[in-house]
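Now for the letters of each chain:
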Amino acid sequence: MRESVRTTLAAVLLAGGIACYAQQGGLVQNASARQSLSLNGPWKIIVDPYEAGYYDFHQHPIPDGGLGANRVPAGKSDKLELTFLPESATLQVPGDWNTQKPEFLWYEGTIWYQREFQYAKRPGRRLFLWFGAANYQAIVFLNGKKLGQHEGGFTPFEFEVTGAVRDGVNAVVVKVDDQRHPDAVPPNMTDWWNYGGLTRDVKLIDVPETFVQDYFVQFEKGSLNRVAGWVRLDGARKRQRVVIRIPESSASATVETDDSGYARFAFDANVIPWSPENPKLYDVRVEAETDSVEERIGFRTIETKGQKILLNGKPVFLRGVSIHAEAPIRAGRVFSEGDATVLLTWAKEMGCNFVRLAHYPHDEAMTRTADRLGLLVWSEVPVYWAVQWENPVAYANAEQQLATMIERDHNRASVIFWSMANETPLGDARTRFLASLAAKARSLDSTRLITAATLTHYSDPSTIAIDDPLGQYLDVIGCNEYIGWYDGAPTKADHVNFTTVYDKPMAISEFGAEAPYGRHGDDDTVWTEEFQANVYRHQIPMLQRIPFLQGMTAWILVDFRCPRRPLAGIQDYYNRKGLFSDRGQKKQAYYVLRDYYRSLAAGK
Ligand code: GCU
């Protein structure tokens, strides 16, 4: 997307609200449970690397929106070029474009999407055009009129379209541009594939004129028998009686929302706490006078006490693995419960009680499936590597993505950590940027723990010091270390110890080594399964020696596509640190970690 549009978008971001939030507050909460028309399926596309569908030949935006105007030829002499024809190619939505057509695998730029839908409007209803995500920037048009734009490739966004939807045939056009930019979040350098497109569900949500826009229902901080939270209505009738009900436990509360549609509540509830061992979910109903919504919610507490992490008041060790949002076997971006169930079942079977969803908010199918299967979750915004720490637009973008990540998943029992960043370089501007993000996260959700994955720092050749100044703003300090891979030989781990300046828990958020499945040699032959397994065998005793270590996430569950990993015959543009190959085959290191996690789970 041209700088001019990014500048406009930046101005909107800085104005404190992305153009796409047409109503106060935020997203329609629990979108998957709402009455809606799915817009998934084949969409017509036009590949537009020069953005000729949006800019004229002097690079000014085309006044009527170009392809967004969705014009059709006015007759046989109409020389219209910017139009979708019946013969236009199509792409499936949801889905990245890279894995749908071989010629799109490496494509970075703009692809236009277009589809029509029939609608019969009903009085007293409101309509929202909702996107689960679009990577990376989207400009959305309905019936030829620009609705707005959104930046950020991994969080939902929506536009109120109550007045814009017509009875009969409607046409949606979306310009999706996944070009990377140094001032973006993430910036232009990452260690994952830049999957572009309408990568998650698209739907037209249909709610009453005044509806339950958002709600937060969790245990009161520190309590295992009292539920607390809030509800927010949006619409003309903001003052209503609202009942929050957990039928299975016969617990409920009735509140009156105020002039802004908001009310807080707290009530005793005799519920079984959610845990990985017993992922008990309850039907929770939020019943206003004009709208009601229901979903499955688990109740648990998470807190730190000194250098311990307490789940439901008891110390927990997080046996984890990191996961990119890349579908197993099929490859491409995860967008379904099926994809999520495969990946999270693989983690569960390995003995995990914890997963780090790297390095960006995953499809909500992942957090809902983690709720269902019983896995604790580290959820992260893509503040990754070298972000422009002194650029207010980058901060506003990061904060918006953080706020939406929390807004979408704040009722997910599985989510215990909000992660502010990954491997960011030390510096005052960076620490200020991340401290602000952490403060924002706490203001939005005081019940979860704040973390970040920091870089390794040695205080002497055999001592890793946990002393990143960012740590003062975190509850749990993540630390990425690659002893045996980027850092010395595997045996180096036998002589390294950790110290910390913080009376806080630490989690090793990354460790591992690369090996293509089926490539063999002795323990010292790099790029072999034996070498990778040997790294794990030396890592584990080192990690066991760290008294303040309360969790670990191996990097990574599955090999994943990466443009920075070209090694022919070994990487072939995959990062091969997976414990599974990209075809779902288990490597030797899988069994080393699995046996360790099973021994931990058995209390040995
Ligand atoms: C980094 C980074 C990951 C990356 C990994 C690697 O620490 O956090 O995103 O893929 O290490 O180099 O394999």
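Analysis parameters
- Residues numbered from 1 in each chain as written.
- Predicted model: local features only at pLDDT ≥ 70, side-chain atom pairs only at ≥ 80, totals over all residues.
- Heavy atoms only, no water.
- Salt bridge = Lys/Arg side-chain N within 4 Å of Asp/Glu carboxyl O.
- Helix = DSSP H or I, 4+ residues; strand = E, 2+ residues; numbered from the N terminus.
- Buried < 20%, exposed > 50% of the residue type's maximum accessible area, 1.4 Å probe, protein only.
- Near = heavy atom within 4 Å.
- Polar contact = N/O pair within 3.5 Å; in protein donor to acceptor, adjacent residues only side chain to side chain.
- Areas by Shrake-Rupley, 256 points an atom, 1.4 Å probe, with all protein chains shown as cover.
- Phe/Tyr/Trp six-rings, centres within 6.5 Å; stacked < 30°, edge-to-face > 60°.
- Axes fitted to C-alpha atoms, helices over the stretch in contact; angles between N-to-C directions.
- Parallel < 35°, antiparallel > 145°, perpendicular 65-115°, else oblique.
- Left-handed = near helix turned anticlockwise from the far one by under 90°.
- Contact = heavy atoms within 4.5 Å.
- Nonpolar A, V, L, I, M, F, W, Y, C, P; charged D, E, K, R; others polar.
- Pairing = 2+ DSSP bridges.
- Domains from an automatic or database assignment.
- Buried area = accessible area lost by both parts, 1.4 Å probe.
- Core = buried A, V, L, I, M, F, W, Y, C linked by side-chain atoms within 4.5 Å.
- Right-handed = clockwise from strand over helix to strand, strands pointing away.

Asks: Give me the pattern of salt bridges: which residues, what numbers.
Replies: Under the criterion given, the structure shown has 40 salt bridges. A salt bridge links Lys-492 to Asp-487, with the nearest nitrogen and oxygen atoms 2.4 Å apart. With a closest N to O distance of 3.3 Å, Lys-577 and Glu-514 form a salt bridge. Linking Lys-577 in the loop between strand S33 (574-575) and helix H7 (588-601) with Glu-514 in the loop between strand S30 (506-510) and helix H6 (529-544), this pair joins segments that are 63 residues apart in sequence. Accessibility classification places Lys-577 together with Glu-514 in one group, the buried group.

Asks: Could you give an account of the site of the ligand, naming the residues involved and the relevant values?
Replies: Close to the ligand lie 14 residues, the nearest being Asp-191, Glu-423, Tyr-486, Glu-510 and Lys-577. Contact between the ligand and Asp-191: an oxygen atom at 2.5 Å from a side-chain N or O atom of the residue. With respect to the ligand, the side chain of Lys-577 contributes an N or O atom lying 2.6 Å from an oxygen atom. Protein contact buries 97% of the 320 Å² of open area that the ligand shows by itself.

Asks: An account of the packing of aromatic side chains is needed here, citing residue identities and associated values.
Replies: What characterises a pair of aromatic rings is the spacing of the ring centres plus the angle enclosed by the ring planes. Throughout the structure, instances matching the rule amount to 36 aromatic pairs. Ring geometry for Phe-157 against Phe-159: centres 6.0 Å apart, planes inclined by 90 degrees, an arrangement best described as edge-to-face. Take Phe-157 and Phe-159: they sit in the same class, and that class is buried. Measuring from ring centre to ring centre gives 6.3 Å for Phe-216 and Trp-230, while their planes differ by 25 degrees; the resulting arrangement is stacked.

Asks: Break down the packing of helix H4 (residues 392-409) against helix H5 (residues 428-444) for me, with residues and values.
Replies: The relative placement of two packed helices comes down to the angle between their axes together with the axis-to-axis distance. Between H4 and H5, whose axes approach to 10 Å, the crossing angle comes to 30 degrees. One way to sum up the angle between H4 and H5 is to call them roughly parallel. H4 and H5 meet at a crossing whose hand is right-handed. For the pair H4 and H5, the contacting residues are Ala-394, Tyr-395, Ala-398, Glu-399, Leu-402, Ala-403 and Ile-406 in the first and Phe-433, Ser-436, Leu-437, Lys-440, Ala-441 and Leu-444 in the second. By residue class, the composition of the contact of H4 with H5 is 10 nonpolar, 1 polar and 2 charged.

Asks: Before we move on, could you go through the sheet that holds strand S18 (residues 302-305) and cite the residues and values that matter?
Replies: Pairing is antiparallel in the open sheet, where 3 strands are placed in the order S18-S19-S20. Among the strands making up the open sheet, the edge pair consists of S18 and strand S20 (314-315). Of the strand pairs in this sheet, strand S19 (residues 308-311) and S20 are connected by 2 bridges, and their pairing is antiparallel. Each residue of the ladder has a partner; that of Leu-311, found in S20, is Lys-314.

Asks: Lay out the domain arrangement of the chain with the relevant residues and their values.
Replies: According to the domain assignment, the chain contains domain 1 (34-208) and domain 2 (304-601). A straight line from the C-alpha centre of domain 1 to that of domain 2 covers 33 Å. Between domain 1 and domain 2, the contact holds 26 residues from the first and 36 residues from the second. Carbon and sulfur atoms make up 62% of the area that domain 1 and domain 2 hide from each other, which totals about 2,800 Å².

Asks: Lay out unusual backbone geometry in plain terms, naming residues and giving numbers.
Replies: Residue Pro-94 follows Val-93 across a cis peptide bond; omega there is 0 degrees. Mapped onto the secondary structure, Pro-94 falls in the loop between strand S3 (90-93) and strand S4 (110-119). Note the cis peptide between Ala-358 and His-359, where omega equals -25 degrees. Looking at the element boundaries, His-359 is found in the loop between strand S22 (354-357) and helix H3 (364-373). Phi is positive for Trp-385, close to 60 degrees, though the residue is something other than glycine. Topologically, Trp-385 is positioned in the loop between strand S23 (376-380) and H4.

Asks: So what's going on with the sheet that holds S23? Which residues, and what values?
Replies: Pairing in this closed barrel of 8 strands is parallel, and the strands run S21-S22-S23-S24-S25-S28-S30-S31 around the ring. Ignoring strand direction, the axes of neighbouring strands in this sheet form an average angle of 25 degrees. The sheet contact formed by strand S21 (residues 318-323) and strand S31 (residues 549-554) spans 4 bridges and is parallel. When the sheet's bridge partners are listed, Gly-320 is paired in S31 with Thr-553. Contacts between H4 and the sheet are confined to S23 and strand S24 (415-422), with S24 contributing the most and set at about 165 degrees to the helix.

Asks: Could you give me a rundown of the environment of Ser-459, with the residues and numbers involved?
Replies: Note on placement: Ser-459 falls in strand S26 (residues 458-460). A C-alpha to C-alpha distance of 8.9 Å links Ser-459 and Thr-499, two positions 40 residues apart in sequence.

Asks: Outline the nonpolar core, supporting the account with residue identities and numerical values.
Replies: Note on soluble globular proteins: their nonpolar side chains tend to be buried together. Ranked by internal contacts, the top residues of the largest apolar core, which has 93 residues, are Val-321, Val-383, Met-420, Phe-433 and Phe-498. With 7 residues, H6 is the single largest residue contributor to this core. Two domains each donate at least three residues to this core, and these are domain 1 (34-208) and domain 2 (304-601). If we skip the residues at most four places from it in the chain, Met-420 touches Val-381, Val-383, Leu-402, Leu-434, Leu-437, Ala-438, Ala-441, Ile-450, Thr-451 and Ala-452. Counting residues in hydrophobic clusters, the runner-up holds 29 residues, among them Ile-45, Tyr-113, Phe-117 and Val-176.

Asks: Account for the pairing of strand S5 (residues 125-131), with residues named and values stated.
Replies: Taken across its 7 residues, S5 has 6 buried, putting it largely inside the fold. Alignment of S5 against strand S10 (residues 202-208), held across 7 bridges, turns out to be antiparallel. Along S10, the bridge assignment pairs Phe-128 with Ile-205. Bridge count for S5 against strand S8 (residues 157-160) is 4 bridges, and the pairing is antiparallel.

Asks: Please provide a residue-by-residue account of the pairing of S22, values included.
Replies: Residues Phe-354 and Arg-356 point to one face of S22 and Val-355 and Leu-357 to the other, with burial holding for every one of them. In the classification by handedness, the crossover that spans S21, the intervening helix H2 (residues 337-349) and the parallel S22 is right-handed. Where S22 and S23 come together, 4 bridges link them in parallel fashion. Paired with Arg-356 across the bridge in S23 is Trp-378. For the segment spanning S22, H3 and S23, crossover handedness is right-handed.

Asks: Give me the side chain of Thr-110: which residues, what numbers.
Replies: Residue position: Thr-110 is located in strand S4. A distance of 2.8 Å separates a polar atom in the side chain of Thr-110 from a polar atom in the side chain of Lys-175. What Thr-110 contacts, discounting residues up to four positions off in sequence, is Ile-46, Val-47, Asp-48, Pro-49, Glu-51, Lys-175, Val-176 and Asp-177.

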